[in-house]
Amino acid sequence: MPIQIKQLHRHFVGEVSGVDLTKPLTEDEARDIEAGMDQYAVLIFHGQDISDEQQMAFALNFGERENPRGGNIVKPQDSRLSTGLNDVSNLGKDGKPLPPDSRVHLFNLGNCLWHSDSSFRPVPAKFSLLSARVVNPKGGNTEFADMRAAYDALDDETKAEIEDMICEHSLMYSRGSLGFLDYTEEEKQLFKPVLQRLVRTHPAHGRKSLYLSSHAGAIQGMTVPEARLLLRDLNEHATQSEFVYVHKWALHDLVMWDNRQTMHRVRRYDQSQPRDMRRATVAGTAPTVAQQAAE
Ligand code: OGA
Ligand code: MN
């Protein structure tokens, strides 16, 4: 039976049925899912009791794996997962929730800010695939915003004003906005700002998107306060409820999103209880700007 996709939101988000992600995909299935991603930008799969290896194999249907280095402050030897997935849980290597004053925990709280994955990398991520292994009892919904619909709804004057703007993105900007300001010299090197267009065009269908993220902290040719006010206004516009879908997790849901045309955030949850979420990330293929190091 071919896969089926039911649209869940006025602008985006498809709920997929008729596929088992623990098994290798057929060519038709992989093609239908990629086409679904282009169209819906977020796809929801229920009841996928998947291993780390199966999740990684599923992700590799859509491109290469993104190297997780440089995306966190966890040292490789302290990492809980060894299979190449990004650990988006609140757990330490001992499998228990991280203590409230843990530096890793405080850094990870940045995921509660609206963002696009890896916008702090010179070549930012294409798709993210997040699997729910343990659902937290309180809070922890993940929200998605359709950045194509948000772009379309801007007035023509704003569209013209921002068309060629270039932003600087860094993990130090997103974490800094929460008051997390202490970095080692090594982390400062790793988190050096990169450049991203503020408006990007999707390679498959050519629709434009607002390319916003909490990692954006400056705009070239503008003062920082002016740039941040503009970014705040655009973020406020783009995350109005009209453009937002709220996902309430069930065990073994797998949610896949296109970072080129959406933003997302996780809502606060009970940090004394486990929340085990694991992400496979598909690398992007091109920078949004011919890169120059932004010092
Ligand atoms: C992510 C992320 C949100 C969540 O995996 O990139 O931001 O719900 N996760 O944990
Ligand atoms: Mn994320």
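Residues numbered from 1 in each chain as written. Chains lettered and ligands numbered in written order. Predicted model: local features only at pLDDT ≥ 70, side-chain atom pairs only at ≥ 80, totals over all residues. Heavy atoms only, no water.

What about the site of ligand 1?
We apply this condition: Here, proximity means that at least one heavy atom of the residue falls within 4 Å of the molecule or strand. Two N or O atoms count as a polar contact when they lie within 3.5 Å, although within protein this holds only if one can serve as hydrogen donor and the other as acceptor, and sequence-adjacent residues are included solely when both atoms are side-chain atoms. All accessible areas in this document rest on Shrake-Rupley with a 1.4 Å probe, and a residue is counted as covered only by the protein chains that are shown. Charged means Asp, Glu, Lys or Arg here, nonpolar means Ala, Val, Leu, Ile, Met, Phe, Trp, Tyr, Cys or Pro, and polar covers whatever is left, Gly included.
Every residue near ligand 1 is listed here: V88, N111, H115, D117, L130, T142, W257, H264, V266, R275 and R279. Note that an oxygen atom of ligand 1 is positioned 2.9 Å from one of the side-chain N or O atoms of D117. Contact between ligand 1 and H264: an oxygen atom at 3.1 Å from a side-chain N or O atom of the residue. In isolation ligand 1 offers 290 Å² of accessible surface; the protein chains occlude 100% of this area. In the shell around ligand 1, the residues fall into 4 nonpolar, 4 polar and 3 charged.

So, the packing of aromatic side chains
The description of an aromatic ring pair uses the distance of the two centres, along with the angle that the planes make with each other. Applicable threshold: Stacked, edge-to-face and tilted are the three classes for Phe, Tyr and Trp ring pairs, Trp counted by its six-membered ring, which pair at centre distances within 6.5 Å; planes under 30 degrees apart are stacked, over 60 edge-to-face, the rest tilted. The helix count covers DSSP runs of H or I at least four residues long, the strand count covers runs of E at least two residues long, and both are numbered beginning at the N terminus. Summary of the burial criterion: residues with accessible area below 20% of their type's maximum are buried, those above 50% are exposed, and those between are partly exposed, where the area comes from a 1.4 Å probe applied to protein chains only. The rule is short: NZ of Lys or CZ of Arg within 6 Å of the ring centre and within 35 degrees of the ring normal puts a charge over the ring.
Within this structure, the stated rule accounts for 8 aromatic pairs. Aromatic pair F144 and W257: ring centres 5.3 Å apart, planes at 55°, arrangement tilted. You can see F144 sitting in strand β6 (residues 142–146) and its partner W257 sitting in strand β13 (residues 254–258), a full 113 residues away along the chain. With respect to class, F144 is no different from W257; both count as buried. Cluster of aromatic residues (ring-pair linked, three or more members): F45, F58, F62 and F127. Above the ring of F107, the side-chain terminus of R175 is found at 4.5 Å from the ring centroid. For the cation-ring pair, R275 lies above Y269, with the distance from its terminal atom to the ring centre recorded as 5.0 Å.

A short note on helix α2 (residues 52–59)
Counted only if it meets this: Of all possible arcs, the one meant is that of the directions from the helix axis to the C-beta atoms. When checking whether two residues touch, look at their non-hydrogen atoms; a contact exists if any pair is within 4.5 Å.
For α2, the set of buried residues is D52, Q55, M56, F58 and A59. Buried residues of α2, seen end-on, are gathered within an arc of 160° and therefore sit on one face of the element. Where the residues of α2 are buried, they touch α1 (27–40), β3 (42–45), β5 (127–134), β13 and β15 (276–282).

Considerations on the coordination of the manganese ion (ligand 2)
Where we set the bar: Sites may look incomplete because water is not among the atoms; the donors themselves are N, O and S atoms within 2.8 Å of the metal, or within 3.2 Å for Na, K and Ca.
Surrounding the manganese ion (ligand 2) are the protein donor atoms H115 (NE2), D117 (OD) and H264 (NE2), at 2.1 to 2.2 Å. Here the donor residues of the manganese ion (ligand 2) share one chain and are spaced in sequence as H-x1-D-x146-H. Neither residue differs from the other here; H115 and D117 are each classed as buried.

Details of the pattern of salt bridges
Heads up, the condition is: Note on definitions: salt bridges are taken to be side-chain nitrogens of Lys or Arg within 4 Å of carboxyl oxygens of Asp or Glu.
Inspection of the entire model under this criterion finds 22 salt bridges. With a shortest N-O distance of 2.7 Å, D152 and R207 are connected by a salt bridge. With D152 in helix α4 (residues 147–152) and R207 in the loop between β9 (199–201) and β10 (208–210), the pair connects residues that are 55 residues apart, well separated along the chain. Overall, the relative accessible area of 40% leaves D152 in the partly exposed class. Residue classification places R207 among the partly exposed residues on the basis of a relative accessible area of 33%. Within this structure, D52, R80, D87, R133, D276 and R278 form a network of salt bridges that share partners.

Section: the pairing of strand β14 (residues 262–266)
What counts, and what does not: Pairing between strands requires that DSSP locate at least two bridges from one strand to the other.
Most of β14 sits inside the fold, with 5 of its 5 residues counted as buried. The side-chain alternation of β14 yields two buried faces, one formed by T262, H264 and V266 and the other by M263 and R265. Alignment of β6 against β14, held across 5 bridges, turns out to be antiparallel. The residue bridging D146 from the neighbouring strand is T262, located in β14.

Details of the environment of L8
Among the structural elements, L8 can be located in the loop between β1 (4–7) and β2 (14–17). Judged by relative accessible area, L8 falls into the partly exposed class, the value being 32%. Look past the residues within four positions of L8 in its chain and what remains in contact with it is V13, E15, I44 and Y245.

A word on the sheet that holds β6
What counts here: All axes are obtained by fitting lines to C-alpha atoms, using only the stretch in contact for helices, and the reported angles, taken between N-to-C directions, cover 0 to 180 degrees.
Spatially, 3 strands are ordered β12-β6-β14 in an open sheet, and the strand pairing comes out antiparallel. The sheet is open, and its two borders are formed by β12 (244–247) and β14, each paired with just one other strand. Each neighbouring strand pair of the sheet contributes to a mean axis angle of 20°, computed without reference to strand direction. With 4 bridges connecting them, β6 and β12 associate as antiparallel partners.

Some details on the sheet that holds β2
As a general point, the strands of a sheet are linked pairwise by backbone hydrogen bonds and lie either parallel or antiparallel. Read across the open sheet, the 7 strands follow the order β1-β2-β3-β13-β5-β15-β4; overall the sheet is mixed. In this open sheet, the two strands that pair with only one neighbour each are β1 and β4 (86–87).

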